[in-house]
Amino acid sequence: MAQDQGGDFAVNNVIQTMAQTDPARAATCAEKLPAGPRRTSTIGCVAGAWAQADIGAAAAWTKRLPAEDQPWAVHCALPLFHHWDPEEAARFVLTLPLGQSHGREQAPGSPRNFMALMAGQPRARGIEAVAKQWAHADLGGAIAWVKQLQDEQDRYCALKGIAAEWAAADSQGAADYAASLPEGNMRSDLARAVARAVARTNAPAALGWAKALPGPERDAAMRDALSCWAAIQPKDAAGYVLKLEPSNIQKAAINDVASHWSRQDPASAAAWAVRLDDENARNQTYRSIAQTWAEIDADGAAAWLDRLPPSPARDAAVQALTDEVSLPDPVTAMRLAATMSDEDRRLDQLRTLAGNWLFIDPERARAAIRGAAIPEDLKTELIERAQFYVPRVVDDGD
């Protein structure tokens, strides 16, 4: 059996190598392989290699393939579609089977199921890819093609491909077309693309436009506009976010501001977080800032925590920071964890940190635990646990 498998691998490798110089011959050989994931994988390699040399011929070959091989072959050829005339590529993808996928009967972990998940639905992915590439080369032509598509699912896939390009080049035109669409994902996705595109240069204008949208579309567009603003100008976005009514939009925006601002200026982000009224939002924001700050400047983050008064938000930040520095700086981690105000949370974190340290360096950890500012009964518990840890031996070589 092992020899058969080795032989199969050898044949597959020969065919894949052949595809680099003679893809047509390699394709003929690949089609003669026994059905199964290796055949499908090899056919995909041939399709990708052939597409580099002659995308039209490769595409024509994929159309003739059996249903179980075609999606993966199209998937492998798709990245090369930009070499093809967009109108020809568009005609090709519209000839692919509607809604076809393969491998649905396979077990979740099987190789064929993996390729099916990667390939997705070849028609849908092909239409989106062609539309995106066409929009890069000729946005007007791509828009005209999308608008004339009769099948709603085809038009939705194509619109996904051009939405970002269209919104960036002509936000008003994209917005007008979105308004003409019936309620649904197509309209919502294009509206979100417009909100993101406008927010990159004028976030207040994007938010003003998004506010006028109906219900769910408004919320999604506002979230996207705020997310873009937070990424580009977190300080300006932070002030706007504080003025929002409590809502899921505000919660998402707070997270975005904290994430981006703490990477640029963690001290200013921390000063802003103090002003958050919602306790849960403040807890989450402190935690996010502490974790990011620890990655950039652990000493600075620790100094910030030392200045904060006891609170649930501070406890959340301490836990995040001590998790981050527990291995490189266990002394600081243990010291800060011992200052958490919630007793149960403090003891749990100390046990976790001590266990990590005992695993890495039990002798040093035992000495630190004996001198730590923690309850005596916890010291006893942790030191007794130390007997189960053996110092890690570092091999310095011969």
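Sequence positions are assigned chain by chain, starting from 1 and proceeding in written order. Since the coordinates come from a predicted model, pLDDT governs what is reported: local features require at least 70, and pairs of side-chain atoms require 80 or more to be given and counted, while whole-chain, interface and lining totals use all residues. Note that the side-chain values use all heavy atoms of the structure and ignore hydrogens as well as water.

Trainee: Sorry if this is basic, but what is going on with the nonpolar core here?
Mentor: Counting 125 residues, the largest nonpolar core has F81, W145, L159, I162, W166, W272 and W304 as the members making the most contacts within it. For this core, the leading source of residues is helix α12 (residues 185-211), giving 13 residues. Any two residues whose heavy atoms approach within 4.5 Å at even a single point are treated as in contact. If sequence neighbours within four positions are ignored, W272 has contacts with A238, L242, I254, V257, A258, W261 and T285. Throughout this description, the term nonpolar core refers to a set of buried Ala, Val, Leu, Ile, Met, Phe, Trp, Tyr and Cys residues connected via side-chain atoms within 4.5 Å. When a residue's accessible area, from a 1.4 Å probe over protein chains only, is under 20% of the maximum for its type it is buried; when over 50% it is exposed; and in between it is partly exposed. A run of H or I in DSSP becomes a helix once it reaches four residues, and a run of E becomes a strand once it reaches two; helices and strands are each numbered from the N terminus.

Trainee: Explain the pattern of salt bridges to me, please; I cannot follow it from the model alone.
Mentor: Note that side chains of opposite charge can pair when their charged atoms are close. Any Lys or Arg side-chain nitrogen found within 4 Å of a carboxyl oxygen on Asp or Glu counts as a salt bridge. Counting across every chain of the model gives 13 salt bridges. Between D69 and R39 there is a salt bridge, with the nearest N and O atoms lying 2.7 Å from each other. Of this pair, D69 sits in the loop between α4 (55-64) and α5 (70-77) while R39 sits in helix α3 (residues 37-53), and the two are 30 residues apart along the sequence. R39 carries the same exposure label as D69, and that label is buried. Where D306 meets R335, a salt bridge forms, and the shortest distance between an N and an O atom there is 3.1 Å. Separated by 29 residues along the polypeptide, D306 in helix α17 (residues 279-307) and R335 in helix α19 (residues 330-337) bring together distant segments of the chain. Because the salt bridges share partners, they merge into one network encompassing R192, R196 and D224.

Trainee: Just checking my understanding: could you explain the packing of aromatic side chains for this structure?
Mentor: When we look at a pair of aromatic rings, we describe it by the centre distance and by the angle of the planes. Aromatic pairs are defined between Phe, Tyr and Trp rings, using the six-membered ring for Trp, whenever the two ring centres lie within 6.5 Å; interplanar angles under 30 degrees are classed as stacked, those over 60 as edge-to-face, and all others as tilted. For the structure on display, the rule yields 10 aromatic pairs. The interplanar angle of 50 degrees and the centroid separation of 6.1 Å between the aromatic rings of W261 and W272 together place this pair among those described as tilted. In this pair, W261 is assigned in helix α15 (residues 248-264) and W272 in helix α16 (residues 266-273), connecting sequence segments 11 residues apart. Residue W261 shares its accessibility class with W272, and that shared class is buried. In textbook terms, an aromatic cluster arises when at least three aromatic residues are bridged by ring pairs, as seen for F81, W84 and F92.

Trainee: Would you mind showing me how to read the environment of P214 here?
Mentor: Checked against the element boundaries, P214 lands in the loop between α12 and α13 (215-232). On the basis of relative accessible area, P214 is assigned to the partly exposed category, the value being 42%. When the C-alpha positions of P214 and E183 are compared, they lie 9.5 Å apart, and in sequence the two are 31 residues distant.

Trainee: So what exactly am I meant to see when it comes to a negative patch on the surface here?
Mentor: Patches in this entry comprise residues that are over 30% relatively accessible and not in a salt bridge; like charges within 9 Å are linked, as are nonpolar side chains (Val, Leu, Ile, Met, Phe, Trp, Tyr) within 5 Å. In these tables, accessible area is a Shrake-Rupley quantity obtained with a 1.4 Å probe, and a residue counts as shielded only by the protein chains included in the view. When charges are counted, neither His nor the chain ends are considered; positive counts come from Lys and Arg and negative counts from Asp and Glu. In plain terms, the charge of a residue is placed at NZ if it is Lys, CZ if Arg, CG if Asp and CD if Glu. A cluster of acidic residues, D85, E87, E88 and D138, forms a negative patch at the surface. As for its placement among the helices and strands, E87 is situated in helix α6 (residues 86-93). E87 gets classed as partly exposed once you look at its relative accessible area, which sits at 45%.

Trainee: Got a minute to help me understand a nonpolar patch on the surface in this structure?
Mentor: A surface patch of nonpolar side chains, about 300 Å² in accessible area, is lined by L327, F359 and I360. Along the chain, F359 turns up in helix α20 (residues 343-360). Of the residues examined, F359 reaches a relative accessible area of 48% and is grouped as partly exposed.

Trainee: I tried to follow the side chain of R155 on my own but got confused; where do I start?
Mentor: Topologically, R155 is positioned in helix α10 (residues 152-169). Leave out the neighbours within four places in its chain, and R155 touches V146, K147, L149, Y177, L181 and M186.

Trainee: Is there a simple way to explain the side chain of E217 in this structure?
Mentor: Locating E217 in the fold gives a position in helix α13. Taking the relative accessible area as the measure of exposure, E217 reaches 8% and is therefore buried. Discounting chain neighbours no more than four positions away, the residues touching E217 are E183, G184, R187 and S188.

Trainee: So what exactly am I meant to see when it comes to α5 here?
Mentor: Residue pairs spaced three or four apart in an α-helix point in one direction, given the helix's 3.6 residues per turn. Of all 8 residues making up α5, 8 are buried, and the element is well covered by its neighbours. Within the sequence span of α5, burial applies to Q70, P71, W72, A73, V74, H75, C76 and A77.

Trainee: Help me understand helix α8 (residues 122-137), please; the structure alone is not making it clear to me.
Mentor: Given the number of residues in a helix, its expected span is that number minus one, multiplied by 1.5 Å. Compared with an ideal rise of 1.5 Å per residue, which puts 16 residues at 22 Å, α8 spans 22 Å between its outermost C-alpha atoms and is within 8% of the ideal. Inspection of α8 places P122, R123, G126, I127, A129, V130, A131, W134 and A135 among the buried residues, and these make up the whole buried set. Packing partners of the buried residues in α8 comprise α5, α6, α9 (139-148) and α10.

Trainee: What is the right way to look at the packing of α3 against α5 in this model?
Mentor: Under this scheme, a helix contributes an axis fitted over its contacting stretch, all axes are lines through C-alpha atoms, and angles between N-to-C directions fall in the 0 to 180 degree range. Viewed as axis vectors pointing N to C, α3 and α5 meet at an angle of 35 degrees, and their least axial separation amounts to 8 Å. The hand of the α3/α5 crossing is right-handed. Residues T40, S41, I43, G44, A47, G48 and A51 of α3 pack against W72, A73, C76 and A77 of α5. Each residue gets one of three labels, nonpolar for Ala, Val, Leu, Ile, Met, Phe, Trp, Tyr, Cys and Pro, charged for Asp, Glu, Lys and Arg, and polar for the others, Gly among them. Grouping the constituent residues of the contact of α3 with α5 by class yields 7 nonpolar, 4 polar and no charged. By definition, any crossing whose near helix is turned counterclockwise from its far helix by less than a right angle is left-handed, and any crossing with a clockwise turn is right-handed.

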